[in-house]
Amino acid sequence: MRRPLVSVIVPVFDCRDTVGGALESVFAQTLPAAQVEVIAVDDGSSDGSAELLDELSRAEDRLTVVHQPNSGGPGAPRNRGLEQASGKYVFFLDADDRLGPEALERMTSMAERNGTDIVLGRQVGTGGRKVPQVFDRTIERTHVLDPDCDLFPRMSMAALQLFRRSLIDRAGLRFTEGMLSHEDQLFTAGAYLNAGGVSVLADHDCYYWAARDDGTSSTQVGGAPTADVHAITGRAMALVAEHSEPGALRERLHHRYLQLEVFGRLERLYLDSADDERKIALDGCRELLTAWLTPGLLARYTPLRRVLAHCLLHDLDEELEEVLRFHRSGERARVLLEAGRAFARYPFFRDAARKIPDTCYETSPKLRSALDGVAWEGAGLTVSGTVLVRDVDEGSPVVHLVVENDGTRHRIRCATAPGGMTGEGRATAFTATFHPAPGSWPDGRWTMSMEAVIEGHVLTVALVKPRGMAVPRAGLVQAEGRWRLVRPLPGPGRGTLALEVGGGLDPADLGNVEVGRGPGRRLRLLCEPPPLLEPGPPPRMSVLLQRADGAVLRAPLVTGASGPARADLSLTGARPGRWRASFEIDGVDGPARVRVREGGGLLGPMTASLLPPRRMHVRLDRNPLTVHVTVPLAARARRLRQRLRPGASSGEDQNSEEGST
């Protein structure tokens, strides 16, 4: 019998309601049926899952069912499945989850293409299940020991991935048996550390990870006992140490374990635990910190967790409990700014009796910004909003608007209003007005950010335009003898505020377009051109009508002291056909099409000229605005010739377009 490409191993315990869907998702894979074998290991189910599996195996010869007494966790049934599996690759599927239809084909193809031993396919949480934050991009090949790889700290250690069988055998990998959770920690860590390469498939939903509706999964009911979790964590950290030298790489890999299994468990579970459980937790945490916490690793954690670490290592149990209660209360630690340093004032900060070092409380102040408005005012652009120094309640910052382009940086001093306290920190309102794009500013995109200087700290943050806030249309500036557009960005959506300098015309640059009859049978267009940000006469602007054959009709766009600009277009002698309207400014890339934002339909017919006779129909809902010129006498003559043609019926030309050429 030919060896299958993939063995899918499914541990089953009391999952009668979901295991059928899990197995069906495997049978529905796009890989050929002969390339997939399924091994379901019933771990002593008592809800009818075992009988259902036997029934399914009689209908599907790819399904092998193994029965065993309950082992106390998914580790043992997965190990039994490995003993039965014969595929080149192994995939572990939980009985309450399911696969996307193309998952196995895409993952095995990726492994074959790159020669990688592990493929982590995109996971999707269902029923409120959270998934690891590692799927922001597809990675063809990497390794957790590479200096620039951030996969290990961000991934889950759940073994719900594709593994090359030769890796499992080479590294001697097996699951820890008899544990409700964390049984896969050593298996998955060992696999990643021993793998020849790892791939991340982030552009296709491969695995649908479920939380049980009744809250009875092992992790939902609390998982393994704390002592077992700490024992497994210690072994995993020792395994990491076997594959890495002391220093930054090992600390980066170790970070996840203390973060989750020491500090995370303390914050979630300690205050609600009985006294004996508390002692077990403290003993396990102290053992892990004593063995593995280095100064470099300690510096990677937040002030809260550095304070907790100090309390653990110095037997400050009562202080640790109070710090945890402060954290659970939801109250934020206020930040003290002092001589260029910042400290999060958690309990016992500078308490002479406890002597917890200032370095445990040291933090980096955070700046936030909120944009209120962007507008042209006279010859300048005014930007207004609020900056907030997070969790700080003293001091007033000096605020600048920073405009940058490819290494060139301009700082514009902002006018500020006295700061006020909010629940999040100290807020300061700002207004900056500046003349954009003098001759020294090169063309291109200029990003905007806010800078606040307070108590020796220089803080910066991007200036983001809220969704729905309007930004003004592009304005015209003149520098060194040429006119340029300056366009605030982004448009309708949310994004970092920026200026586009020297770009081409856009239909939105022509505002409030109206079309109607002008004097002397002309077509009149009224609009608001881009605002002029310089004193003196504007550049020459024109409205054009263009035919597909290159013919052009042009009229100047005349601006006055008040009211909209206007252009009167004569179509006397215009050749029949469709003429598309556009707008042009001398010296500025273009032209840009003219569109009417409001309204639509047809304007006309209107007489364009008596001699030669011309009519025009203006389509207002086209983009660009379109003028259709017709010759009535020619159309009538053509219809007469058609009626006089021998054999022509009286209704022969009813569907012809009047004036078509």
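Residues numbered from 1 in each chain as written. Predicted model: local features only at pLDDT ≥ 70, side-chain atom pairs only at ≥ 80, totals over all residues. Heavy atoms only, no water.

1. A few points about the overall build of the protein chain
Where we set the bar: Helix numbering and strand numbering both begin at the N terminus, where a helix is a DSSP run of H or I of at least 4 residues and a strand a DSSP run of E of at least 2. The size measure is the radius of gyration over C-alpha atoms, and the globule rule it meets is 2.2 Å times the number of residues to the 0.38 power. Buried, partly exposed and exposed residues are distinguished by accessible area as a fraction of the type maximum, computed with a 1.4 Å probe on protein chains only: under 20%, between the cut-offs, and over 50%, respectively. Only heavy atoms enter the contact rule, under which two residues are in contact if any of them lie within 4.5 Å. Accessible surface area values rest on a Shrake-Rupley calculation with a 1.4 Å probe, where residue burial reflects the displayed protein chains alone.
Per the secondary structure count, the protein chain includes 15 helices and 35 strands. Relative to the globule expectation of 26 Å for 661 residues, the C-alpha radius of gyration of the protein chain, 36 Å, shows a markedly less compact shape. Dimensions of the protein chain, computed from C-alpha atoms along their principal axes, come out at roughly 100 × 80 × 40 Å. Classification of the 661 residues of the protein chain by burial places 50% in the buried group. Of the contacts made within the protein chain by residues no fewer than 6 positions apart, 69% connect residues no fewer than 24 positions apart. Counting only carbon and sulfur atoms, one obtains 48% of the accessible surface of the protein chain, whose full area is about 30,300 Å².

2. Considering unusual backbone geometry
Note the cis peptide between Leu489 and Pro490, where omega equals 0 degrees. Here Pro490 lies in the loop between strand E23 (482-489) and strand E24 (495-496). For the bond running from Gly590 to Pro591, omega is -5 degrees, close enough to zero to count as cis. Mapping Pro591 onto the fold places it in the loop between strand E31 (577-585) and strand E32 (592-593).

3. Looking at the pairing of strand E4 (residues 89-92)
Defined as follows: Two strands are said to pair when DSSP picks up at least two bridges between them.
Burial of the side chains of E4 extends over both faces: Tyr89 and Phe91 are buried on one face and Val90 and Phe92 on the other. The pairing of strand E1 (residues 6-12) with E4 spans four bridges and is parallel. Its bridge partner lying in E4, Val6 is registered against Tyr89. In the sheet, E4 pairs with strand E8 (residues 162-164) via three bridges, with the strands oriented antiparallel. In the strand pairing of E8, Tyr89 is matched with Arg164.

4. Overview of the environment of Gly373
In this fold, Gly373 is placed in strand E12 (residues 367-377). Leave out the neighbours within four places in its chain, and Gly373 touches Thr382, Val383, Ser384 and Met469.

5. Remarks on helix H3 (residues 75-84)
Owing to its 3.6 residues per turn, the α-helix brings residues three or four apart onto one side. Of all 10 residues in H3, seven are buried, a share of seventy percent or more. Regarding H3, the residues found buried are Gly75, Ala76, Pro77, Arg78, Asn79, Gly81 and Leu82.

6. Digging into the confidence of the model for the protein chain
Rules: Values of pLDDT, ranging from 0 to 100, describe the predictor's confidence in every residue of the model.
Across the protein chain, the average pLDDT comes to 90, with 93% of residues at 70 or higher. Throughout residues 213-221 the model reports pLDDT below 50, and contacts reaching past four residues in sequence, or to other chains, amount to 10 contacts. Considering only residues more than four positions removed or in separate chains, one finds that residues 650-661, a stretch of pLDDT under 50, has 18 contacts.

7. Looking at the side chain of Thr626
Condition: We call two N or O atoms a polar contact when they sit within 3.5 Å, provided that within protein one can donate a hydrogen and the other can accept it, with sequence-adjacent residues counted only if both atoms are side-chain atoms.
Here Thr626 lies in strand E35 (residues 626-630). For Thr626, a relative accessible area of 2% gives the class buried. Within the local environment of Thr626, its side chain forms a polar contact with the backbone oxygen of Pro624, the two atoms lying 3.0 Å apart. For Thr626, the contacting residues outside a window of four places in its chain are Arg578, Trp579, Arg580, His617, Val618 and Arg619.

8. Overview of the pairing of strand E6 (residues 118-126)
One ladder, built from two bridges, connects E6 with E8; its direction is antiparallel. By the bridge assignment for E8, Ile118 is matched with Phe163. Pairing of E6 with strand E9 (residues 198-210), which is carried by nine bridges, proceeds in the parallel orientation. Counterpart to Gln123 in the pairing with E9 is Tyr207.

9. Here we look at the pattern of salt bridges
Heads up, the rule is: Salt bridges are defined by distance alone: a side-chain nitrogen of Lys or Arg within 4 Å of a carboxyl oxygen of Asp or Glu.
As enumerated under the stated definition, the model contains 46 salt bridges in all. Linking Glu338 and Arg350 is a salt bridge whose minimum nitrogen-to-oxygen distance equals 2.8 Å. Linking Glu338 in strand E10 (residues 335-338) with Arg350 in the loop between strand E11 (341-344) and helix H14 (358-361), this pair joins segments that are 12 residues apart in sequence. The salt bridge partner of Glu528 is Arg473, with a shortest N-O separation of 3.6 Å. Placement of Glu528 in strand E27 (residues 523-528) and of Arg473 in the loop between strand E21 (464-465) and strand E22 (475-479) is noted, with a sequence separation of 55 residues between them. A relative accessible area of 35% means that Glu528 is categorised as partly exposed. Note on Arg473: relative accessible area 26%, which makes it partly exposed. By sharing partners, the salt bridges in this structure join Lys88, Glu112, Asp117, Arg164 and Arg170 into a single network.

10. Description of the nonpolar core
Soluble globular proteins tend to pack their nonpolar side chains together in the buried interior. We apply this condition: By convention a nonpolar core is built from buried Ala, Val, Leu, Ile, Met, Phe, Trp, Tyr and Cys residues, the set being connected through side-chain atoms within 4.5 Å.
Grouped together as the largest cluster of nonpolar side chains are 82 residues, with contacts concentrated most on Phe92, Leu151, Phe187, Leu258, Val262, Leu320 and Tyr361. Among the elements that make up this core, the one with the highest residue count is helix H8 (residues 226-242) (seven residues). Not counting residues within four places of it along the chain, the set of residues in contact with Phe187 comprises Leu82, Phe92, Ala159, Phe163, Ile168, Leu173, Arg174 and Phe175. The next biggest cluster of nonpolar side chains, apart from the first, holds 38 residues, and it includes Ala555, Leu571, Ala592 and Met616.

11. A look at the packing of aromatic side chains
Quick reminder of the rule: Between the rings of Phe, Tyr and Trp (Trp by its six-membered ring), a pair exists once the centres lie within 6.5 Å; its type follows the angle of the planes, with under 30 degrees stacked, over 60 edge-to-face, and the other angles tilted.
Taken as a whole, this structure holds 13 aromatic pairs when the rule is applied. Pairing Phe263 with Tyr301 gives two aromatic rings, centres 5.1 Å apart and planes at 65 degrees, and the pair type is edge-to-face. In this pair, Phe263 is assigned in helix H9 (residues 248-269) and Tyr301 in the loop between helix H11 (295-298) and helix H12 (303-313), connecting sequence segments 38 residues apart. Taken individually, Phe263 and Tyr301 each receive the classification buried, so the pair is uniform in this respect. Between Phe434 and Trp441 the ring centres are 6.3 Å apart and the planes differ by 25 degrees, which places this aromatic pair in the stacked class. In this structure an aromatic cluster arises from ring pairing among Phe92, Phe163, Phe175 and Phe187.

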